[in-house]
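# Tertiary structure, described
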Number of protein chains: 2
Amino acid sequence: MSVAHTGVTPQVHGGPCGDDDCGIREVLDRIGDRWSVLVLVELAKGVRRFRELERAIPGISQRMLTVTTRRLCRDGMVERTAHPTVPPQVEYRLTPMGESLAGAVRALADWSRDHRDAVGEARAKWDAEGGATP
Amino acid sequence: MSVAHTGVTPQVHGGPCGDDDCGIREVLDRIGDRWSVLVLVELAKGVRRFRELERAIPGISQRMLTVTTRRLCRDGMVERTAHPTVPPQVEYRLTPMGESLAGAVRALADWSRDHRDAVGEARAKWDAEGGATP
DNA sequence: CAGAATCCCATTCGATACTG
DNA sequence: CAGTATCGAATGGGATTCTG
C-alpha cells in the first residue's frame, strides 16, 4: 500500500516484526480503506448479490464495490459464486475466515459506539480551546 | 480520512447511520491511517517523549508524528504535557479512553496474527490462478 | 528537543461511459 | 445484472527547511 515515490525501497516499519506492532498494520492495510468493512458487515448479514450490496451501502460506486469485493476475495474473506444465467447472477458470501474477521471488526464497532459521545466532547473541548492544552 | 484541523464535520457517506454499520467507519476514520495505531500501541507501553516515539516507530516522519499525536489528542485518546524547560520536554501518554481503544485494537492485531498464514495462502492461490474462481 | 511551514508526488477514489 | 475502462480531483504523506 503506497510507500515510496522514489525508487527507494519501502520497508516502512523496521524488520519483519521488530516490536509487537505485528499484525495491526497488516489488518488495517486490508480493511482500513473506506469500503471494506462496510462490505464485510453487510455480508455478515447473509449472502448478497452485487446490486444488493451496492444498494445496501450508500455512496459506494460500482467501481469501488468491484475493487473491494475482489480484494476481499483475494484475501480469502469472501467467496464469489457466479451462476451462468442470463442476466448474470453473482453471489457473495463470507468465508469462515471472513466471518471471523467480521466478528473482530464488530468489537471495534462496539467500542466506537460506546465512546462516541466522549470523543465528541473531547473534540468540542479541543476545538473550543483552539488546540491548546492549558 | 481526517477532514481538517478545523472543526469541519466529516459526513462522508450518505445518511447519518442508515443501517447498523454505525461506529465502524467512525473508528476507522480515526485510526485507519498509516500511523495512528502504531503511536497508540507504543504509548500503550508507557509515557513517551516526542523523540522517543519517533525512534520507536521506524519510518515515521516528524511531520506525521506531529499530525498524528495532535489528532489523537484532539480525540481525547492522548494527553500531552509540555514542561517549560529548555530544551523543551513534552510527554505523551494515553488517556483512559486511549487505553481502552488500544485494547480493542490489540484484539484486531491478535486476529491478524492468527490468520496471517491463511491470508497468505489465499492470496498465493488467487494470484496463481490469475484471479479466477474455477 | 519539539515542532511549524512548504513543496510536491502518488495513491485513492468518484464520476462517467461502455460491454457481455 | 455485473462488471470493465478511462479520466480527473482530492487527499495523504514524505523530504526538506526553518524556529523558539
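Residues numbered from 1 in each chain as written. Chains lettered and ligands numbered in written order. Predicted model: local features only at pLDDT ≥ 70, side-chain atom pairs only at ≥ 80, totals over all residues. Heavy atoms only, no water.

## Description of the overall build of chain A
If you tally the helices and strands in chain A, you get five helices and three strands. Its helices and strands taken in sequence order, chain A reads α-α-β-α-α-β-β-α from the N to the C terminus. In chain A, buried positions account for 39% of the 134 residues. In the structure as shown, chain A presents an accessible area of about 7,400 Å², 53% of it carried by carbon and sulfur atoms. (Helix = DSSP H or I, 4+ residues; strand = E, 2+ residues; numbered from the N terminus. Buried < 20%, exposed > 50% of the residue type's maximum accessible area, 1.4 Å probe, protein only. Areas by Shrake-Rupley, 256 points an atom, 1.4 Å probe, with all protein chains shown as cover.)

## Digging into the protein's contact with DNA strand C
Not every one of the 22 residues close to DNA strand C is listed here, only the nearest: A:Arg63, A:Met64, B:Arg51, B:Arg80 and B:Tyr92. One of the side-chain N or O atoms of A:Trp35 is found 3.1 Å from a phosphate oxygen in DNA strand C. A distance of 2.7 Å is found between a phosphate oxygen of DNA strand C and a backbone nitrogen or oxygen belonging to B:Arg51. Secondary-structure elements contributing two or more residues to the surface near DNA strand C are helix 4 (62–74) of chain A together with helix 3 (50–56), helix 4 (62–74) and strand 3 (89–94) of chain B. (Near = heavy atom within 4 Å. Polar contact = N/O pair within 3.5 Å; in protein donor to acceptor, adjacent residues only side chain to side chain.)

## Focus on the interface of chain B and chain A
Taken together, the contact between chain B and chain A spans 56 residues of the former and 54 residues of the latter. Roughly 5,100 Å² is buried in total at the junction of chain B and chain A, and carbon and sulfur atoms are behind 60% of that figure. Contact with chain A buries area across many residues of chain B, yet B:Arg34, B:Arg74 and B:Trp111 alone supply 14% of it, more than any other trio. Connecting chain B to chain A are seven salt bridges. Where chain B touches chain A, the interface holds 16 residue pairs in polar contact (both at pLDDT 80 or more). Those elements giving two or more residues to the side of chain B that touches chain A turn out to be helix 1 (24–31), helix 2 (36–44), helix 4 and helix 5 (96–128) of chain B. Take the side of chain B that touches chain A: its biggest share by element is 19 residues, from helix 5 of chain B. (Contact = heavy atoms within 4.5 Å. Buried area = accessible area lost by both parts, 1.4 Å probe. Salt bridge = Lys/Arg side-chain N within 4 Å of Asp/Glu carboxyl O.)

## As for the relation of the copies chain B and chain A
When chain B is fitted to chain A, the residual RMSD is 0.1 Å, and the transformation amounts to a turn of 180 degrees plus an axial shift of 0.0 Å. Look at the turn and shift together and you get a two-fold axis relating the two. Measuring from the rotation axis to each C-alpha of chain B, the shortest distance belongs to B:Gly32, at 2.5 Å. (Least-squares fit on C-alpha atoms with pLDDT ≥ 70 in both.)

## Topic: the sheet that holds strand 2 (residues 78–83) of chain A
Residue and element names in this part refer to chain A. On the basis of which strands lie adjacent, the open sheet formed by three strands has the order 1-3-2 and antiparallel pairing. Each end of this open sheet is capped by a strand with a single partner; those strands are strand 1 (48–49) and strand 2. Across six bridges, the pairing between strand 2 and strand 3 (residues 89–94) is antiparallel. What sits directly across from His83, in strand 3, is Gln89. Strands in contact with helix 2 (residues 36–43) are strand 1, strand 2 and strand 3; relative to strand 3, the strand with the most contacts, it is inclined by about 90 degrees. (Pairing = 2+ DSSP bridges. Axes fitted to C-alpha atoms, helices over the stretch in contact; angles between N-to-C directions.)

## Description of the packing of helix 5 (residues 96–129) of chain A against helix 5 of chain B
At their nearest, the axes of helix 5 of chain A and helix 5 of chain B sit 10 Å apart, and the two run at 170 degrees to each other. Classified by the angle between their axes, helix 5 of chain A and helix 5 of chain B sit roughly antiparallel to one another. Contact with helix 5 of chain A, carried on its side by A:Met97, A:Ser100, A:Leu101, A:Ala104, A:Leu108, A:Trp111, A:His115, A:Ala118 and A:Val119, involves B:Met97, B:Ser100, B:Leu101, B:Ala104, B:Leu108, B:Trp111, B:His115, B:Ala118 and B:Val119 of helix 5 of chain B and no other residues of that element. Here the residues of the contact of helix 5 of chain A with helix 5 of chain B are counted per class, giving 14 nonpolar, four polar and no charged. (Parallel < 35°, antiparallel > 145°, perpendicular 65-115°, else oblique. Nonpolar A, V, L, I, M, F, W, Y, C, P; charged D, E, K, R; others polar.)

## Examining the nonpolar core
Core analysis: the largest hydrophobic core is formed by 64 residues, its most contacted members being A:Leu101 and B:Leu101. Ignoring sequence-local partners within four residues, the contact set of B:Leu101 consists of A:Leu108, A:Trp111, B:Val27, B:Ile31, B:Leu40 and B:Met77. (Core = buried A, V, L, I, M, F, W, Y, C linked by side-chain atoms within 4.5 Å.)

## Some words on helix 2 of chain B
Residue and element names in this part refer to chain B. Burial of helix 2 is extensive: eight of the nine residues sit out of reach of the surface. For helix 2, the complete set of buried residues consists of Ser36, Val37, Leu38, Val39, Leu40, Val41, Glu42 and Leu43. Downstream of helix 2 by one or two residues, Gly46 has phi in the positive range, about 150 degrees.

## Regarding unusual backbone geometry
Along the chain, A:Val86 connects to A:Pro87 via a cis peptide bond; the corresponding omega equals 5 degrees. Along the polypeptide, A:Pro87 turns up in the loop between strand 2 and strand 3.

## Some details on the environment of B:Ile31
Mapped onto the elements, B:Ile31 comes out in helix 1. Non-local contacts of B:Ile31, meaning those with residues more than four positions away in its chain, are made with A:Leu28, A:Leu108, B:Ser36, B:Val37, B:Leu40, B:Leu101 and B:Val105.

## Let's talk about the confidence of the model for chain A
The predicted coordinates of low-pLDDT regions are not to be read in fine detail. Mean pLDDT over chain A works out to 86, with 81% of the residues at or above the 70 mark. Within the model, pLDDT remains below 50 along residues 1–19 of chain A, and this stretch shows 17 contacts once partners closer than five positions in the same chain are excluded. (pLDDT = per-residue confidence, 0-100.)

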